[in-house]
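Chains, contacts and geometry: an overview
The lines below spell out each chain.
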Amino acid sequence: MRLSPILERQTTYPFVRLDEAKRRVAARGVELVDFGMGDPREPTDRRIQQALAAALPLTGGYPRAVGLPELRQAVAAWCGRRFGVDIDPEREVIPTLGSKEAIFTFAQLLVDREGGKDVVVVTEPGYPVPERGAAFAQAEVVSLPLREEHGFLPDLEAVDGDTWRRAVLVWVNYPNNPTGATAPLTFYERLAGLAAEHDFVLASDEAYSELWFDEPPVSALQVRDRARVAVFNSLSKRSSMTGYRSGFVVGHEDVIDALRAFRPSAGTAPQEFVQRASVVAWEDEEHVERNRALYARKRALLLDVLERKGLRVTGSEATMYLWVATPDGGPSEPFAERLLENGIVVAPGSYFGAAGEGYVRFALVPAEAECRRAVEILEDAL
Ligand SMILES: Cc1ncc(COP(=O)(O)O)c(C=O)c1O
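Rules and cut-offs
Residues numbered from 1 in each chain as written. Predicted model: local features only at pLDDT ≥ 70, side-chain atom pairs only at ≥ 80, totals over all residues. Heavy atoms only, no water. Axes fitted to C-alpha atoms, helices over the stretch in contact; angles between N-to-C directions. Helix = DSSP H or I, 4+ residues; strand = E, 2+ residues; numbered from the N terminus. Parallel < 35°, antiparallel > 145°, perpendicular 65-115°, else oblique. Left-handed = near helix turned anticlockwise from the far one by under 90°. Contact = heavy atoms within 4.5 Å. Nonpolar A, V, L, I, M, F, W, Y, C, P; charged D, E, K, R; others polar. Pairing = 2+ DSSP bridges. Near = heavy atom within 4 Å. Polar contact = N/O pair within 3.5 Å; in protein donor to acceptor, adjacent residues only side chain to side chain. Areas by Shrake-Rupley, 256 points an atom, 1.4 Å probe, with all protein chains shown as cover. Salt bridge = Lys/Arg side-chain N within 4 Å of Asp/Glu carboxyl O. Buried < 20%, exposed > 50% of the residue type's maximum accessible area, 1.4 Å probe, protein only. Core = buried A, V, L, I, M, F, W, Y, C linked by side-chain atoms within 4.5 Å.

**Observations concerning the packing of helix H4 (residues 69–83) against helix H11 (residues 272–283)**
Following both chains from N to C, one finds H4 and H11 inclined at 20 degrees, their axes separated by 9 Å at the closest point. Here H4 is positioned roughly parallel relative to H11, judged by the angle of their axes. Once H4 is placed against H11, the crossing between them reads as left-handed. Contacts between H4 and H11 involve Glu70, Leu71, Ala74, Val75, Trp78 and Arg81 from the former and Gln275, Arg276, Ser278, Val279, Trp282 and Glu283 from the latter. Of the residues in the contact of H4 with H11, the class split is six nonpolar, two polar and four charged.

**Quick word on the sheet that holds strand E13 (residues 359–363)**
Strands pair in a sheet through their backbones, by hydrogen bonds, and they do so in one of two ways: parallel or antiparallel. Pairing is antiparallel across the open sheet formed by four strands, whose spatial order is E9-E10-E13-E12. Every other strand in the sheet has two partners, leaving strand E9 (313–314) and strand E12 (347–348) as the edge strands with one partner each. Relative to E13, E12 is paired through two bridges, and the arrangement is antiparallel. Pairing of Ala347 across the sheet is with Arg361, part of E13. Along the sheet, helix H12 (residues 286–308) contacts E9, strand E10 (321–325) and E13; its crossing angle with E10, the most-contacted strand, is approximately 5 degrees.

**What to know about the site of the ligand**
In the vicinity of the ligand, 14 residues are found, and the nearest of them are Ser99, Asp205, Ser234, Ser236 and Arg245. Asp205 has a polar side-chain atom sitting 2.6 Å from a nitrogen atom of the ligand. Tyr208 has a polar side-chain atom sitting 2.8 Å from an oxygen atom of the ligand. For the ligand, the protein covers 91% of the area, taking 400 Å² as the surface of the free molecule. Counting only elements with at least two residues in the shell around the ligand, the list comes to helix H5 (100–106) and helix H9 (235–238). Here the residues of the shell around the ligand are counted per class, giving four nonpolar, six polar and four charged.

**A short note on the sheet that holds strand E4 (residues 140–145)**
One open sheet holds the seven strands; their spatial order is E2-E8-E7-E6-E5-E3-E4, and the pairing between them is mixed. Either end of the sheet is taken by a strand with one partner, and the two such strands are strand E2 (93–96) and E4. Each neighbouring strand pair of the sheet contributes to a mean axis angle of 20 degrees, computed without reference to strand direction. Of the pairings in the sheet, the one linking strand E6 (residues 201–205) to strand E7 (residues 229–234) comprises four bridges and is parallel in character. Note on E7: the bridge partner recorded for Asp205 is Phe232. Its contacts with the sheet put helix H10 (residues 253–266) on E2, E7 and strand E8 (247–251), and the angle it makes with E2 is roughly 40 degrees.

**Concerning unusual backbone geometry**
Following Glu124, the chain continues to Pro125 via a peptide bond in cis, the omega torsion being 5 degrees. Inspection of the secondary structure puts Pro125 in the loop between strand E3 (119–124) and helix H6 (129–136). You will see that Phe152, though not glycine, has its phi angle at about 60 degrees, which is positive. Position of Phe152 relative to the elements: it lies in the loop between E4 and helix H7 (161–166). In this model, Thr319 sits at a positive phi of 75 degrees, which is unusual for a non-glycine residue. On the secondary structure map, Thr319 appears in the loop between E9 and E10.

**With respect to the environment of Ala27**
With respect to the element layout, Ala27 can be found in helix H2 (residues 15–27). Spatially, the C-alpha atom of Ala27 lies 13 Å from that of Asn342, the residues being 315 residues apart in sequence.

**Let's talk about the pattern of salt bridges**
Under the counting rule described, the total for this entry stands at 28 salt bridges. The closest approach of N and O atoms between Glu90 and Arg72, which form a salt bridge, is 3.4 Å. On the criterion of sequence distance, the pair formed by Glu90 in the loop between H4 and E2 and Arg72 in helix H4 is long-range, its members being 18 residues apart. Classification of Glu90 as partly exposed rests on a relative accessible area of 43%. A relative accessible area of 5% places Arg72 in the buried class. Here Arg312 makes a salt bridge to Glu148, at a shortest N to O gap of 2.3 Å. Placement of the pair is Arg312 in the loop between H12 and E9 and Glu148 in the loop between E4 and H7, with a sequence separation of 164 residues. Sharing partners across several salt bridges, the network here consists of Asp118, Glu140, Asp162 and Arg166.

**Considerations on the nonpolar core**
Of all hydrophobic cores here, the largest spans 64 residues; its most connected members are Cys79, Tyr174, Phe187 and Leu191. If you tally residues by element for this core, the top one is H4, at seven residues. Filtering out sequence-adjacent residues up to four positions away, Phe187 remains in contact with Leu153, Pro154, Leu156, Val172 and Tyr174. In terms of nonpolar packing, the next biggest core, distinct from the first, is built from 32 residues, Ala207, Tyr208, Tyr321 and Ala336 among them.

Right, here's the structure in full:
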């Protein structure tokens, strides 16, 4: 069968390799503690589950792409409480099926090859979806490295003029997967300024904004001029709702108008019962505080043993991830393999891009008791 050359060029998700290695070690009878994938395993709050069940009888017909007004209002109100911004639920919000599909398709709305606006800028190490989406939109992808010495922020001053001229979309993701780094408001202000100067959309993937430890991270929504800003967020990590598939884009009304024009063709609005459960989730902070406290306890357990064993934990200010430098800055795959042989599954940093080499990522998803067992293993293995 003839396939799109873009599809043919996609490499397999590196986590498939990790799964194979895990199976091999588990077959030898080694019990694994799995810090590999970032899929929260905590149960979704009961009240959210009940809201979904209660909404089942109400559901009928196709959900409209613009989403339920109640959900748009809940999202706008949450943005107001959380970031102190005034969002119009009618014109500046659209619900999405989690954020992944919206991140993947977004470049299709913007890339203009004939007009010479055909560059999508991404950062690496990073979540691969913005880059993959850009490839399918036939954009040229420019990848900016996130380096420790630069606080895991891209060096915007090093980007050449031609890239800015051709840029149509610039993706950033803070709190960052995989480094756990956060970005200051000055960084978003600088990028929003560049977006106005060079006419591109600043897309800020804020899926981890609610998993913080010391101070709540800022949002790109807080910049003075939001004219070219689109923020993507989701209930997946905040409320452990990956399976529900519920997120949103909040942005300038021109961006939301474009999404309203595009999304009915793709058929991507969350089911009505998911939207109604999402209203309950965005309106409640108590379960999010409990979620954060749980990650904080797991984080403290791991930080303690890793630091005592002389490993350098860097970034890692927020998110569910610890970004850990390999001993002596060696390559990440052999170190991850050594840990795997002892029953500890981590993701090699190189899986997330070349600049991830020399680090491994712990996703703090195993239960607390399992994290305690991991501490004991690491005491001996490191
Ligand atoms: C950086 C980042 N953005 C977005 C997502 C998408 O999450 P979801 O589609 O569940 O909202 C993920 C998921 O792992 C992620 O790591």
